[in-house]
Amino acid sequence: MDTNPSKNTADEYENLVQQEDEHIERLKTCTKLIFDALAIISQKASVLHMETVKEAADHLHIMELDLRRELFKVRLKKSILANKMKQTQA
């Protein structure tokens, strides 16, 4: 078992960096899907079932908000950990 606290902290920080990158990619994908959906709606609204369109768009928007919240949580943890790492180096 690794008992080096600074290595554990560095590993935890690296894990948070990877989580942040993944959340950013997921958010980019979700945002692209929203823009694409809006473009399709703009072109084909007259032949689409509007209640279904609104419900699907709403689900995409909720997913985007959830991803933003998760990204914020990861960034907050990362910031707190960065401060902790500075304190131990001082």
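First, a word on scope: everything that follows refers to the structure included in this document.

Here is what the cut-offs are and how they apply
In this numbering scheme, every chain counts its residues from 1 along its sequence in written order. Reporting in this predicted model follows two pLDDT cut-offs: at least 70 for local features of residues, and 80 or more for side-chain atom pairs to be given and counted; totals over whole chains, interfaces and linings ignore these cut-offs and use all residues. Calculation of side-chain values draws on the structure's entire complement of heavy atoms; hydrogens and water are dropped beforehand. Working definition of a nonpolar core: buried Ala, Val, Leu, Ile, Met, Phe, Trp, Tyr and Cys residues. They are joined through side-chain atoms within 4.5 Å. Partly exposed residues are those whose accessible area sits between 20% and 50% of the maximum for their type, while under 20% is buried and over 50% is exposed, using a 1.4 Å probe and protein chains only. Helix numbers and strand numbers start at the N terminus; a helix is a DSSP run of H or I with at least 4 residues, a strand a run of E with at least 2. We call two residues contacting when some pair of their heavy atoms lies within 4.5 Å. Any carboxyl oxygen of Asp or Glu within 4 Å of a side-chain nitrogen of Lys or Arg constitutes a salt bridge here.

**Describing the nonpolar core**
Inference 1: Residues Leu 27, Cys 30, Ile 34, Leu 67 and Leu 71 constitute the largest nonpolar core, which totals 5 residues.
Inference 2: Sorting the residues of this core by element identifies α1 (5-44) and α2 (50-89) as the ones contributing at least two each.
Inference 3: A per-element tally of this core places α1 first, with 3 residues.
Inference 4: In contact with Cys 30, other than residues within four places in its own chain, are Leu 60, Met 63, Glu 64 and Leu 67.

**Regarding the pattern of salt bridges**
Inference 1: A full pass over the atoms with the stated rule returns 8 salt bridges.
Inference 2: As a salt-bridge pair, Lys 7 and Asp 11 come within 3.3 Å of each other at their nearest N and O atoms. Of this pair, Lys 7 and Asp 11 both sit in helix α1, separated by 4 residues, roughly a single helical turn.
Inference 3: Judged by its relative accessible area of 41%, Lys 7 is partly exposed.
Inference 4: Judged by relative accessible area, Asp 11 falls into the partly exposed class, the value being 40%.
Inference 5: Here Lys 78 makes a salt bridge to Glu 20, at a shortest N to O gap of 2.5 Å. Of this pair, Lys 78 sits in helix α2 while Glu 20 is found in helix α1, placing the two residues 58 residues apart along the sequence. Grouping residues by exposure puts Lys 78 and Glu 20 together as buried.
Inference 6: Here the salt bridges share partners, and the residues they tie into one network are Glu 20, Arg 75 and Lys 78.

So far we have only geometry, and geometry alone does not tell us how the molecule works.
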